[in-house]
Amino acid sequence: MALIALLQCAHHATSAEFDLELTAGYAWDDNVGLDELERATGESDEVTSLEAQASASFTYNDKTSLRLSAGLVDDAYQEFSQVDRQTESYGVNLETQIADTTIGINWFDVSADLDGEPFLTYERLSPYIAGFLSKQWFIRGEYIYGQKEIARRPAREADSHSVSIDSYYFLQGLKRYVVIGYAYREDDARANRYDYSSHAVKAKYVHRETFWQLPFELKLEGKLEDRQYSTADPMIGTEREDTRIRFAAELRVSFTQYASVAVTVKNSDYDSNLPTASYSDLVVGTEIRLSF
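Worth saying up front: this structure is predicted, and the values here are computed from it rather than measured. (Residues numbered from 1 in each chain as written. Predicted model: local features only at pLDDT ≥ 70, side-chain atom pairs only at ≥ 80, totals over all residues. Heavy atoms only, no water.)

The next thing to look at is the overall build of the protein chain. A tally of helices and strands in the protein chain yields one helix and 16 strands. For the protein chain, the C-alpha radius of gyration of 21 Å lies close to 19 Å, the compact-globule estimate for 292 residues. In terms of overall dimensions, the protein chain has a C-alpha envelope of 60 × 45 × 40 Å along the principal axes. Residues counted as buried form 33% of the 292 residues belonging to the protein chain. (Helix = DSSP H or I, 4+ residues; strand = E, 2+ residues; numbered from the N terminus. Rg over C-alpha atoms; globule rule 2.2 N^0.38 Å. Buried < 20%, exposed > 50% of the residue type's maximum accessible area, 1.4 Å probe, protein only.)

Across all of its chains, the model carries ten aromatic pairs by this definition. Relative to Trp212, the ring of Phe211 has its centre 5.1 Å away and its plane inclined at 15°; by these criteria the two rings are stacked. Note on accessibility: Phe211 and Trp212 belong to one class, exposed. Consider the rings of Tyr270 and Tyr279, whose centres lie 5.2 Å apart with planes at 70°: the pair is edge-to-face. Overall, Tyr279 belongs to the buried group, its relative accessible area being 11%. An aromatic cluster is present here, built from Phe132, Phe138, Tyr168, Phe170 and Tyr177 joined pairwise through their rings. Lying over the aromatic face of Tyr128, Arg140 brings its terminal NZ or CZ to 4.2 Å of the ring centre. Lying across the ring of Tyr270, Arg244 places its NZ or CZ 4.4 Å from the centre. (Phe/Tyr/Trp six-rings, centres within 6.5 Å; stacked < 30°, edge-to-face > 60°. Lys NZ or Arg CZ within 6 Å of the ring centre and 35° of its normal.)

What follows deals with the nonpolar core. Most often, soluble globular proteins keep nonpolar side chains buried together rather than apart. If you look at the biggest cluster of nonpolar residues, it comprises 13 residues, and the most contacted ones within it are Leu34, Tyr77, Val83 and Phe119. Those elements giving two or more residues to this core turn out to be β7 (101-114) and β8 (117-132). Those residues in contact with Leu34 that sit more than four places away from it in its chain are Arg39, Val83, Arg85, Leu114, Phe119 and Tyr279. Membership of the second largest hydrophobic core comes to six residues, among which are Ala130, Phe138, Tyr177 and Val206. (Core = buried A, V, L, I, M, F, W, Y, C linked by side-chain atoms within 4.5 Å. Contact = heavy atoms within 4.5 Å.)

Now for the side chain of Arg85. Turning to its location among the elements, Arg85 is positioned in strand β6 (residues 85-98). With a relative accessible area of 18%, Arg85 lands in the buried category. A polar contact of 3.1 Å, which involves the side chain of Arg85, links it to the side chain of Glu36. Leave out the neighbours within four places in its chain, and Arg85 touches Leu34, Glu36, Val73, Asp74, Asp75, Ala112, Asp113, Leu114 and Phe119. (Polar contact = N/O pair within 3.5 Å; in protein donor to acceptor, adjacent residues only side chain to side chain.)

Coordinates in, geometry out; function isn't part of it.
The structure is reproduced here in structure tokens:
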């Protein structure tokens, strides 16, 4: 019934918009690994990426909108082909405007293969509410329920519950703005050793400008997460504690309405009293994107 309602909304839409993005990228990864398994090789490698993202948005009476999306990503390593990843994702977002408040719900499903074999499935459902508190200040609150399964790792199968709030402050409309966010999460895994609760704070700055008649966009983003595990880990004989710090920077230049080039830097630093879960990872890359 829910799917029928969504299709009816799309059928009676007063406006529709379709988008397609094609991306080709190249990056150097200084520590190839799998975050989902908290494992790193300690070796560097080069990776090429091909990505396609498509979406269709339908608006009804200028207040209710439906967005359908699908994506495909293929990451291929030069040496470590065993971690070549193919990822498919699908999403549905339905929202409506009530006075000055936006209320919506989002469903997202992702599945990933490693070297041609099933690896990860993740599904989440997240209702949210958002609105402007002032001309420059926008708030968005969200609850997320997620389910995760990892092939051949049944102990890591987990349900997760999280709540988050993001505060957007627009310094100069969409040309310059800052995002500050907080999230609390609880993971309930099949094996108690993987149960944890976490607090996370994040910050993001976006700056859009025109230089030599070329539009460019700078994004700076950081996240600090503290994880407390509820059960003693058998490898260390005590409860595990993790601190995770992530930083990302992207500079994108648009040469036409449809084509852009970006340079990206991503760094992750994981510190844990479980030695195998302590490692860092630096990824530097570039990509070309076509948007239609």
